[in-house]
Amino acid sequence: GSILHYDGARFRVGPDSAGANPGPSCYRNGGPLAVTDANVMTGKLIPDFFPAIFGPNRNERLDTEAVKARFAEFVAKVPGKSAEEIADGFISIAVANMANAIKKISVERGYDVTRYALNCFGGAGGQHACLVADALGMTKILVHPYSGLLSAYGMGLAAIRSTRQLAVEVPLSGDVGEHVSRAKASIGSEAIAEVTGQGIAHPLW
């Protein structure tokens with residue numbers, strides 16, 4: 001779902017996401033171009049292998065024509081590149097982003113990732129697992145039968161939290177405590193509103 005961007009000088013993938021609704025352009029809900037669309041453009045995702053659950057009435061297949069039309073806009077801005085080459089470039093950037101995220105929690109902490117198996121999860125994990133493993137020099141990938149549900153399962157088990165930070169710049173000679181209390185009350189109410197907005201009853205925490 002990571003959205004594809006071109007600012008006239010460079011390609012960028014994310015960090016914003018099209019989410020599930022409207023989703024990528026190929027979902028037929030007017031969504032922006034996303035990584036999924038790049039996989040459709042390069043032929044890595046074949047609409048015939050997907051159920052007809054897209055569009056306003058959820059009865060249509062992935063929309064390849066919309067994807068081609070949107071990538072044609074990129075082609076007009078980047079002379080000398082085909083739509084497939086541009087889409088493949090976006091995929092390479094997305095893979096590099098994923099590989100770098102893994103490096104931050106492994107290589108940068110002294111772990112040799114080549115000795116581990118790459119755990120593939122998420123609905124689109126299988127589209128990129130091999131490319132990410134290659135980028136990291138990993139030779140084994142674990143794809144659990146329910147890997148597409150792992151992210152949702154993890155969210156269900158995660159502790160529910162809302163975090164806020166606020167800098168208070170006041171002279172130490174003044175009533176600092178009063179300023180801090182007001183700031184605490186302000187960001188505290190924001191955090192409470194966010195959690196209760198997700199259907200979590202206040203007495204539980």
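Our subject is the structure listed above.
Below, the structure is looked at part by part. What you see is a predicted model, and the numbers here were worked out from it, not measured in a lab.

Before going further, it helps to examine the nonpolar core. Ranked by size, the top nonpolar core spans 29 residues in total, and within it L4, F71 and F90 carry the most contacts. Of all the elements in the fold, those that place two or more residues in this core are α1 (35-41), α2 (64-77), α3 (83-104) and α4 (125-136). Looking at which element gives the most residues to this core, the answer is α3, with eight residues.

Attention now moves to the packing of α2 against α3. Where α2 contacts α3, the two axes come as close as 9 Å, and the packing angle between them is 95°. The angle between α2 and α3 places the two elements in the roughly perpendicular class. Across from F71, F74 and V75 in α2, the residues of α3 making contact are A83, I86, A87 and F90. Of the residues contributing to the contact of α2 with α3, the split by class is seven nonpolar, no polar and no charged.

Turning our eyes to something else, we now look at the environment of G30. Its location among the elements puts G30 in the loop between β2 (11-17) and α1. By relative accessible area, G30 is classed as exposed at 74%. Each C-alpha atom of the pair G30 and G55 lies 9.0 Å from the other, and the pair is 25 residues apart in sequence.

Attention now goes to the pairing of strand β4 (residues 140-143). As judged from the four bridges shared by strand β3 (residues 117-120) and β4, these two strands associate in the parallel manner. Bridged to A117 within β4 is K140. Between the parallel pair β3 and β4, the chain is carried across by α4, and the sense of this crossover is right-handed.

About the criteria used
- Note on numbering: residues in each chain are counted from 1, in written sequence order.
- At least 70 in pLDDT is required for a residue's local features to be given in this predicted model, at least 80 for side-chain atom pairs to be given and counted, and no such filter applies to totals for whole chains, interfaces and linings, which use all residues.
- For the side-chain quantities, the full set of heavy atoms in the structure was used; hydrogens and water were omitted.
- In plain words, nonpolar cores are sets of buried Ala, Val, Leu, Ile, Met, Phe, Trp, Tyr and Cys residues tied together by side-chain atoms within 4.5 Å.
- Remark: exposure states derive from per-residue accessible area (1.4 Å probe, protein chains only) relative to the maximum for the residue type, with buried under 20%, exposed over 50%, and partly exposed in between.
- Only DSSP runs of H or I with at least four residues qualify as helices, and only runs of E with at least two residues qualify as strands; both kinds are numbered from the N terminus onward.
- Axes here mean lines fitted to C-alpha atoms, for a helix over just the part in contact, with angles spanning 0 to 180 degrees between N-to-C directions.
- We call two directions roughly parallel when the angle between them is under 35 degrees, roughly antiparallel when it is over 145, roughly perpendicular when it lies between 65 and 115, and oblique otherwise.
- For this analysis, residues touch if any pair of their heavy atoms sits within 4.5 Å.
- Lys, Arg, Asp and Glu make up the charged group, whereas Ala, Val, Leu, Ile, Met, Phe, Trp, Tyr, Cys and Pro make up the nonpolar group; the residues left over, Gly among them, are polar.
- Strands are labelled as partners when DSSP assigns at least two bridges between them.
- Crossover handedness is defined by viewing with both strands directed away from the observer: a clockwise path from the first strand over the helix to the second marks the crossover as right-handed.

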